[in-house]
Amino acid sequence: MDANLDLLRMRKVFIVEDEPALRDTIETVFKDAGFVSVASASSVREACEVFAESPGDIAVLDVNLPDGDGFSLMSRLKRIREVPVIFLTARDDPDDVVTGFELGGDDYITKPFLPKELIARTVALLRRCYREDGRIVQLEDAIVDFSSAEVIRGGERIPLTGKEHDILLMLYNNAGRVISIDRLCEAVWGDNRYGYENSLMAHIRHIREKIEKDPSRPVSLITVKGLGYKLKI
């Protein structure tokens, strides 16, 4: 079993295609391939609104859209978040292909396409862009995506607060080792760490509610009585 592939399938795919039937087909292709988070839009305007509210990890863009084109849309999306882009379009003119790459596109697939090819190219691009970045971590009952400050559990993406992210990152960077309360407070609150023990405990409780199947019986974020906390991965 390819554990890394399972992690890549947790990456959010964002599709922009104006033809409803084809858009539904592309969504189904990704979901059937095991991708748990797929979002879509049908126009440049809708794409910018949806992406700004919940950015994807990779974008599949049609070039011909009713209110613009995929080339200009790509630059607008990348201003929100730098993501890899696959152009999926019926325009197979060599100049269009070159333009797509020159503007920052990562791949170009022409219609009609084979579903297996689309998935294979998507996975290959995700591997190149997110390989060994240490930003997405599999826990017992959830996945932590540090790059987007989210927890993925049961197909749902749960946002982390800034403090929760910092605490989890400190524990992850020292996975398997006990980190004292003082060290955690210093990592999160700096020199003003004194008096934040109760706040830390509250953040730990909220983190467990997001990453643990049963927060009252944690299996990933463990309390070591009298010493501190450790993260098991």
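Residues numbered from 1 in each chain as written. Predicted model: local features only at pLDDT ≥ 70, side-chain atom pairs only at ≥ 80, totals over all residues. Heavy atoms only, no water.

## Some remarks on helix α4 (residues 70-80)
Considered for burial, the residues of α4 that qualify are Gly70, Phe71, Leu73, Met74, Leu77 and Lys78. For α4, the angular spread of the buried residues around the axis is 155°, confining them to a single face. (Buried < 20%, exposed > 50% of the residue type's maximum accessible area, 1.4 Å probe, protein only. Helix = DSSP H or I, 4+ residues; strand = E, 2+ residues; numbered from the N terminus. Arc of directions from axis to C-beta.)

## Structural notes on the UniProt feature "modified residue: 4-aspartylphosphate" (unreviewed entry) in the protein
Here, UniProt's "modified residue: 4-aspartylphosphate" (unreviewed entry) annotation points to Asp62. Tracing the sequence through the fold places Asp62 in the loop between β3 (58-61) and β4 (64-65). (UniProt positions renumbered as here; feature names shortened; annotations may be inferred.)

## A look at the packing of aromatic side chains
Scanning all chains against the criterion turns up five aromatic pairs. Pairing Phe71 with Phe87 gives two aromatic rings, centres 5.0 Å apart and planes at 80°, and the pair type is edge-to-face. Here the residue Phe71 occupies a position in helix α4, and Phe87 occupies one in strand β6 (residues 85-89), the gap between them amounting to 16 residues. The pair formed by Phe71 and Phe87 is uniform in burial state, with each residue classed as buried. Ring geometry for Phe87 against Tyr108: centres 5.9 Å apart, planes inclined by 50°, an arrangement best described as tilted. With Phe87 in strand β6 and Tyr108 in strand β7 (residues 107-110), this residue pair connects regions lying 21 residues apart in the sequence. Each member of the pair Phe87 and Tyr108 is classed as buried. An aromatic cluster is built from Phe71, Phe87 and Tyr108, whose rings are joined through pairwise contacts. (Phe/Tyr/Trp six-rings, centres within 6.5 Å; stacked < 30°, edge-to-face > 60°.)

## Examining the pattern of salt bridges
Evaluated as defined, the whole model comprises 14 salt bridges. Residue Arg11 is joined to Asp57 by a salt bridge in which the shortest nitrogen-to-oxygen separation is 3.6 Å. Linking Arg11 in the loop between α1 (3-8) and β1 (13-16) with Asp57 in the loop between α3 (44-53) and β3, this pair joins segments that are 46 residues apart in sequence. In this pair, the class of Arg11 matches that of Asp57, namely buried. Between Arg11 and Asp145 there is a salt bridge, with its nearest N and O atoms 3.1 Å apart. Residue Arg11 is located in the loop between α1 and β1, and its partner Asp145 is located in strand β9 (residues 143-145); the two are separated by 134 residues in the primary sequence. Asp145 matches Arg11 in its accessibility class, with the two residues each being buried. (Salt bridge = Lys/Arg side-chain N within 4 Å of Asp/Glu carboxyl O.)

## Structural notes on the side chain of His165
Tracing the chain through its elements places His165 in helix α7 (residues 162-173). Given a relative accessible area of 14%, His165 falls into the buried group. Within the structure, His165 has its side chain in polar contact with the backbone oxygen of Phe146 (distance 3.2 Å). Ignoring sequence-local partners within four residues, the contact set of His165 consists of Arg135, Phe146, Ala149 and Leu160. (Polar contact = N/O pair within 3.5 Å; in protein donor to acceptor, adjacent residues only side chain to side chain. Contact = heavy atoms within 4.5 Å.)

## Some thoughts on the sheet that holds strand β14 (residues 228-231)
Backbone-to-backbone hydrogen bonds join strands into a sheet, with any given pair of strands oriented parallel or antiparallel. Judged by pairing direction, the sheet is antiparallel, and its three strands sit side by side in the order β12-β14-β13 without closing on themselves. Bordering the open sheet on either side are β12 (179-180) and β13 (221-224), each of which pairs with just one other strand. Where β13 and β14 come together, four bridges link them in antiparallel fashion. By the bridge assignment, Thr223 is partnered in β14 with Tyr229. (Pairing = 2+ DSSP bridges.)

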